Amino acid sequence: MGKSKTRIFRKGINDQITKITRDDAIKEVAKMLNSNNTKDARNLITMFGLGAEEILEAGASYESVVALKNLFKD
């Protein structure tokens, strides 16, 4: 994890998770989207630069991913 991401976590933006890998972030985003927690999911998506395909493969519903299509890179 880079210095910037470590600083962001220390500031308390995401108090639930102290250290996280990219794979863990993908799984967390899928869980968050399935439970309609889009605010925290948006933070992780933009922080790690996650793609829609990765999140769909982790088990997120298609509808929740399409609703956030403006966050994903082409």
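Let us look at the structure shown here. Source: prediction; values computed, not measured.

A closer look at the packing of helix α2 (residues 22-34) against helix α3 (residues 38-48)
Orientation of α2 relative to α3, taken along the N-to-C sense of each, is 155°, at an axis distance of 9 Å. Compared by their axis directions, α2 and α3 come out roughly antiparallel. Crossing geometry of α2 relative to α3 is assigned as left-handed. Contact residues: R22, A25, E28, V29, M32 and L33 in α2; T38, D40, A41, L44, I45 and F48 in α3. Within the contact of α2 with α3, the residues separate by chemical class into 8 nonpolar, 1 polar and 3 charged.

Section: the nonpolar core
In this structure, V29, L33, I45, F48, L50 and I55 are the most contacted members of the largest nonpolar core, which totals 18 residues. For this core, the secondary structure elements donating two or more residues are α2 and α3. Top contributing element to this core by residue count: α2, with 6 residues. In this structure, L33 is in contact with T38, A41, I55, A60, S64, V65 and L68, ignoring residues within four places of it in sequence.

A short note on the pattern of salt bridges
One pass over the structure, following the stated rule, counts 2 salt bridges. Measuring nitrogen to oxygen at the nearest pair gives 3.1 Å for the salt bridge that ties R22 to E54. With R22 in helix α2 and E54 in helix α4 (residues 52-57), the pair connects residues that are 32 residues apart, well separated along the chain. With a shortest N-O distance of 3.9 Å, E28 and K31 are connected by a salt bridge. Within this pair, E28 and its partner K31 are both found in helix α2, separated by 3 residues, close to a single helical turn.

Conventions used here
- Residues numbered from 1 in each chain as written.
- Predicted model: local features only at pLDDT ≥ 70, side-chain atom pairs only at ≥ 80, totals over all residues.
- Heavy atoms only, no water.
- Axes fitted to C-alpha atoms, helices over the stretch in contact; angles between N-to-C directions.
- Helix = DSSP H or I, 4+ residues; strand = E, 2+ residues; numbered from the N terminus.
- Parallel < 35°, antiparallel > 145°, perpendicular 65-115°, else oblique.
- Left-handed = near helix turned anticlockwise from the far one by under 90°.
- Contact = heavy atoms within 4.5 Å.
- Nonpolar A, V, L, I, M, F, W, Y, C, P; charged D, E, K, R; others polar.
- Core = buried A, V, L, I, M, F, W, Y, C linked by side-chain atoms within 4.5 Å.
- Buried < 20%, exposed > 50% of the residue type's maximum accessible area, 1.4 Å probe, protein only.
- Salt bridge = Lys/Arg side-chain N within 4 Å of Asp/Glu carboxyl O.

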